[in-house]
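Analysis of the macromolecular model
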Amino acid sequence: MNNASSLRVVGTFSKVLKKDGSLLFRPEFKDSDFLLDFDVLYHFDFRTKWHIASITKTGKGFMIRFADVKTFREAEFFIGEKFALPEDEIFGRSQDLMIGETVYDKSEKEFGKIVAFTSTPTYSLAEIEKEDSSSVLIPFTEKFFKLEKGKIVLIAKP
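Along each chain, residues carry numbers from 1 onward, in the same order as the chain's sequence is written. In view of the model being predicted, local features appear only for residues whose pLDDT reaches at least 70, and side-chain atom pairs are presented and counted only at 80 or more, with totals across whole chains, interfaces and linings using the full set of residues. In computing side-chain properties, one takes all heavy atoms of the structure into account and sets aside hydrogens as well as water.

A few words now on the sheet that holds strand 6 (residues 82-86). DSSP calls a pair of strands paired once it identifies at least 2 bridges connecting them. Labels follow the DSSP assignment, with helices taken as runs of H or I lasting at least four residues and strands as runs of E lasting at least two, numbered in each case from the N terminus. Overall, antiparallel pairing links the six strands, which are arranged 1-2-5-4-3-6 in a closed barrel. Along the sheet, successive strands turn relative to each other by an average axial angle of 45 degrees, direction set aside. The pairing of strand 3 (residues 40-43) with strand 4 (residues 49-58) spans three bridges and is antiparallel. Its bridge partner lying in strand 4, Leu41 is registered against Trp50. Interaxial angles span 0 to 180 degrees and are taken between N-to-C directions of axes, which are lines fitted to C-alpha atoms, for helices over the stretch in contact.

See below:
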């Protein structure tokens, strides 16, 4: 993790599932499958790095076992603890994370802020509130949006 990166809470451990120290991790976001791509999590308060030995999606979240946690007793420490990832590494990986983010047009002028996403059968619609308090729904697809350098850019208007 880069020192300039700020951490964003991605979930909380809620209970120990197995004697080997596997825990149930409840994610903060509905679209949290991006967690499967990571091999570390950071304790939010202490900023300590924990290597993931295994991660599996379950009906209630994820079953995670840390490499340095071998027993049920060791795992109990994590119950109720918040874990995070660097914001710059998860930017754009979850629509929930983009709510409240500013959208810019191609000339880098502020277009508005994302206030919600609505799912359709094939794509999501981003609801963007403009400065005049009006809102517009735009398909959140590569045809209309580009994520670049930590910014959401509207590249085409419907």
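A word on the side chain of Ser32. The residue Ser32 is located in the loop between strand 2 (23-27) and strand 3 in this model. Buried, partly exposed and exposed residues are distinguished by accessible area as a fraction of the type maximum, computed with a 1.4 Å probe on protein chains only: under 20%, between the cut-offs, and over 50%, respectively. What makes Ser32 buried here is its relative accessible area of 4%. When sequence neighbours within four positions are dropped, the list of residues in contact with Ser32 reads Pro27 and Phe62. Contacts between residues were defined by any pair of non-hydrogen atoms, one from each residue, lying within 4.5 Å.

Next up on the list: the pairing of strand 5 (residues 61-66). Counting buried positions along strand 5 gives five out of six residues, so the element sits mostly inside the fold. Relative to strand 5, strand 2 runs antiparallel, the two being bridged by three bridges. In the sheet register, Leu24 faces strand 5, and the bridge partner there is Met63. With six bridges joining them, strand 4 and strand 5 adopt antiparallel strand pairing. Residue Ile52 lies in a different strand from strand 5, and its bridge partner there is Phe66.

We call a set of buried Ala, Val, Leu, Ile, Met, Phe, Trp, Tyr and Cys residues a nonpolar core when their side-chain atoms join them within 4.5 Å. Residues Val10, Phe13, Phe25, Phe34, Leu41, Ile64 and Phe66 are the most contacted members of the largest nonpolar core, which totals 22 residues. The set of elements that each furnish at least two residues to this core consists of strand 1 (7-16), strand 2, strand 4, strand 5 and strand 6. When residues no more than four places from it in sequence are discounted, the contact partners of Phe13 are Leu23, Leu24, Phe25, Leu41, Ile64, Phe66, Phe78, Ile79, Gly80, Glu81 and Phe83. Counting 13 residues, the second-largest nonpolar core is a separate cluster that includes Ala126, Phe140, Phe145 and Leu154.

Now for the pattern of salt bridges. Counted as salt bridges are all cases of a side-chain nitrogen of Lys or Arg within 4 Å of a carboxyl oxygen of Asp or Glu. For the structure shown, the criterion picks out four salt bridges. Among the salt bridges present, the one from Asp20 reaches Arg65, with a minimum N-O distance of 3.7 Å. Placement of Asp20 in the loop between strand 1 and strand 2 and of Arg65 in strand 5 is noted, with a sequence separation of 45 residues between them. Overall, the relative accessible area of 21% leaves Arg65 in the partly exposed class. Between Asp33 and Lys57 there is a salt bridge; the shortest N-O distance is 2.4 Å. Pair noted here: Asp33 is in the loop between strand 2 and strand 3 and Lys57 is in strand 4, with a separation of 24 residues, a long-range link. Judged by its relative accessible area of 46%, Lys57 falls in the partly exposed class.

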